[in-house]
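Residue-level listing of the chains:
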Amino acid sequence: MPKFISPVNPFAGVQVGYEEADYVVLGFPYDLTSTYRLGSRNAPNAIREASLNIETYSPRTGLFLENLKIRDLGDLEVSTLEDPFQQLTAVFKDVFNAGKFAVTLGGEHTLTHSTVKALPENVMLLVFDAHLDMRDVYEGRSFSHTTHLRRLTEEIDPNRLLMVGVRAIAMEELESARKRGIRYITSPQILKHGFNWTVRRIEEHFKKASSVYISFDMDVLDPSYAPAASNPEPEGLNPTFTLNLLEVLASRIPEVVGLDLVEFSPAYDNGVTAVLGAKIVFEVLCLVEAAGCRR
Ligand code: MN
Ligand code: MN
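Described below are features of the structure shown in this document. In this text, all values refer to a predicted model and were calculated from it rather than measured experimentally.

**Details of the coordination of the manganese ion (ligand 2)**
Turning to step 1, where the next piece is worked out: Looking at the metal site, the manganese ion (ligand 2) is ligated by Asp129 (OD), His131 (ND1), Asp217 (OD), Asp219 (OD) and Asp219 (OD), spaced 2.0 to 2.7 Å from it.
Turning to step 2, where the next piece is worked out: Donor residues for the manganese ion (ligand 2), ordered by position in the chain, follow D-x1-H-x85-D-x1-D.
Turning to step 3, where the next piece is worked out: Between the manganese ion (ligand 2) and the manganese ion (ligand 1) the interatomic distance comes to 3.2 Å, and Asp129 is a ligand of both metals. Of this pair, His131 sits in the loop between strand E5 (123-128) and helix H4 (148-155) while Asp219 sits in the loop between strand E8 (211-217) and helix H8 (239-252), and the two are 88 residues apart along the sequence.

**What to know about helix H2 (residues 84-97)**
Turning to step 1, where the next piece is worked out: Taking 1.5 Å per residue as the helical rise, H2 with its 14 residues ought to reach 20 Å, and the 20 Å between its terminal C-alpha atoms agrees with that figure.
Turning to step 2, where the next piece is worked out: The set of residues buried in H2 consists of Pro84, Phe85, Leu88, Thr89, Val91, Phe92, Val95 and Phe96.
Turning to step 3, where the next piece is worked out: Looking one or two residues past H2, Gly99 carries a phi angle of roughly 80°, positive in sign.

**Concerning the coordination of the manganese ion (ligand 1)**
Turning to step 1, where the next piece is worked out: The manganese ion (ligand 1) binds to the protein through His109 (ND1), Asp129 (OD), Asp133 (OD) and Asp217 (OD); the donor distances cover 2.1 to 2.2 Å.
Turning to step 2, where the next piece is worked out: Ordering the donors of the manganese ion (ligand 1) by residue number gives the pattern H-x19-D-x3-D-x83-D.
Turning to step 3, where the next piece is worked out: Its relative accessible area of 0% is what places Asp129 among the buried residues.

**Considering the environment of Val284**
Turning to step 1, where the next piece is worked out: Positionally, Val284 belongs in helix H9 (residues 272-291).
Turning to step 2, where the next piece is worked out: In this structure Val284 comes out as buried when scored by relative accessible area, which is 3%.
Turning to step 3, where the next piece is worked out: A C-alpha to C-alpha distance of 18 Å links Val284 and Asp219, two positions 65 residues apart in sequence.

**Digging into the side chain of Ser114**
Turning to step 1, where the next piece is worked out: Within the element layout of this structure, Ser114 appears in helix H3 (residues 111-117).
Turning to step 2, where the next piece is worked out: Beyond its immediate stretch of four places on either side in the chain, Ser114 contacts Phe85, Leu88 and Thr89.

**Notes on the environment of Tyr18**
Turning to step 1, where the next piece is worked out: Positionally, Tyr18 belongs in the loop between strand E1 (4-5) and strand E2 (23-28).
Turning to step 2, where the next piece is worked out: Distance from Tyr18 to Lys207, taken between C-alpha atoms, is 33 Å for residues 189 residues apart in sequence.
Turning to step 3, where the next piece is worked out: Among residues more than four places away in sequence, those in contact with Tyr18 are Val24, Arg71, Leu73, Asp94, Val95, Ala98 and Lys100.

**A closer look at the sheet that holds strand E4 (residues 101-106)**
Turning to step 1, where the next piece is worked out: The strand order E1-E3-E2-E4-E9-E8-E5-E6-E7 describes an open sheet built from 9 strands, whose pairing is mixed. The open sheet has two edge strands, E1 and strand E7 (183-186), and neither has a second partner.
Turning to step 2, where the next piece is worked out: Across 6 bridges, E5 lies against E8 in parallel orientation. By the bridge assignment for E8, Leu126 is matched with Ile214.

**Quick notes on the pairing of strand E9 (residues 255-262)**
Side chains on a regular strand alternate between the two faces of the sheet.
Turning to step 1, where the next piece is worked out: Among the 8 residues in E9, 7 count as buried, and that is most of the element.
Turning to step 2, where the next piece is worked out: Pairing between E4 and E9: 4 bridges, direction parallel. Within E9, the position partnered with Ala102 by the bridge is Gly258.
Turning to step 3, where the next piece is worked out: Pairing between E8 and E9: 7 bridges, direction parallel. Paired with Asp217 across the bridge in E9 is Val262.
Turning to step 4, where the next piece is worked out: In this fold, the crossover linking E8 to E9 by way of H8 has right-handed handedness.

**Here we look at the pattern of salt bridges**
Turning to step 1, where the next piece is worked out: Applying the stated criterion across every chain yields a total of 11 salt bridges.
Turning to step 2, where the next piece is worked out: Asp31 is paired through a salt bridge with Arg41; the nearest N and O atoms lie 2.8 Å apart. With Asp31 in the loop between E2 and helix H1 (43-51) and Arg41 in the loop between E2 and H1, this residue pair connects regions lying 10 residues apart in the sequence.
Turning to step 3, where the next piece is worked out: A salt bridge links Asp136 to Arg151; its shortest N-O distance comes to 2.5 Å. Of this pair, Asp136 sits in the loop between E5 and H4 while Arg151 is found in helix H4, placing the two residues 15 residues apart along the sequence.
Turning to step 4, where the next piece is worked out: Given a relative accessible area of 12%, Arg151 falls into the buried group.
Turning to step 5, where the next piece is worked out: One salt-bridge network, held together by shared partners, links Asp136, Arg150, Arg151, Glu154 and Glu172.

Cut-offs applied
- Residues numbered from 1 in each chain as written.
- Chains lettered and ligands numbered in written order.
- Predicted model: local features only at pLDDT ≥ 70, side-chain atom pairs only at ≥ 80, totals over all residues.
- Heavy atoms only, no water.
- Donors = N, O, S within 2.8 Å, 3.2 Å for Na, K, Ca; no water.
- Helix = DSSP H or I, 4+ residues; strand = E, 2+ residues; numbered from the N terminus.
- Expected span 1.5 Å × (residues − 1).
- Buried < 20%, exposed > 50% of the residue type's maximum accessible area, 1.4 Å probe, protein only.
- Contact = heavy atoms within 4.5 Å.
- Pairing = 2+ DSSP bridges.
- Right-handed = clockwise from strand over helix to strand, strands pointing away.
- Salt bridge = Lys/Arg side-chain N within 4 Å of Asp/Glu carboxyl O.

Right under this line is the structure:
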């Protein structure tokens, strides 16, 4: 097992032993390829702190998060590991094979490449993001938070992926996404056509899916709700709308196997992005618990 830094404040203040846990939280404080607003390495602890200062009641499920069996492993010690991405894949595989649901707190979005690599090929991917993250090379890097989904969809079947809330696309990304049949729904489409339309589009994509992994880039939300997204983009989604979408999906997809929450830079926060990040994790865990589809 790689080295973890124990959390001063475990997520939501609830801790059971690893063996007993149904849900495992781990931080991946890696932000070395970030652009614009740096410092997402501090997000796991900011989210943990916020998680201690909101009620654990889930209004959608009637559950209290504090009654779920959660283990916070702490943060992977990314600065001293030779290949933190490989280590993350190894840890994620262990957690997944133990039948547990893993929540990975970033850090930047590059971590999703490592968690998805740990999953079997039949797991579909639902990515919430304002961006496609599909540039070929950016600032001389072929693997960064702006290119990681290009690399991932070159390595896995791109039909596994659906992106929701997209609105910021580079010309080269648009061309390559079209050529490769990448599927995405934009936030202006969502806001124009509404909730039921969006549910239908997502369900269409996942109708044969037995299991889905969710990656949540905080910038999918409108900057008015998530002001400290690392690369904020106007015209984003509303958190209640987004959690209501997840509520419907969690009840209809046979199994949700994991979640990551990425691209939040606490230095730019007035406190509300951290609380919202914690709340999104609370609600997703309670929705998974209520649907009985936890691993
Ligand atoms: Mn992203
Ligand atoms: Mn993004």
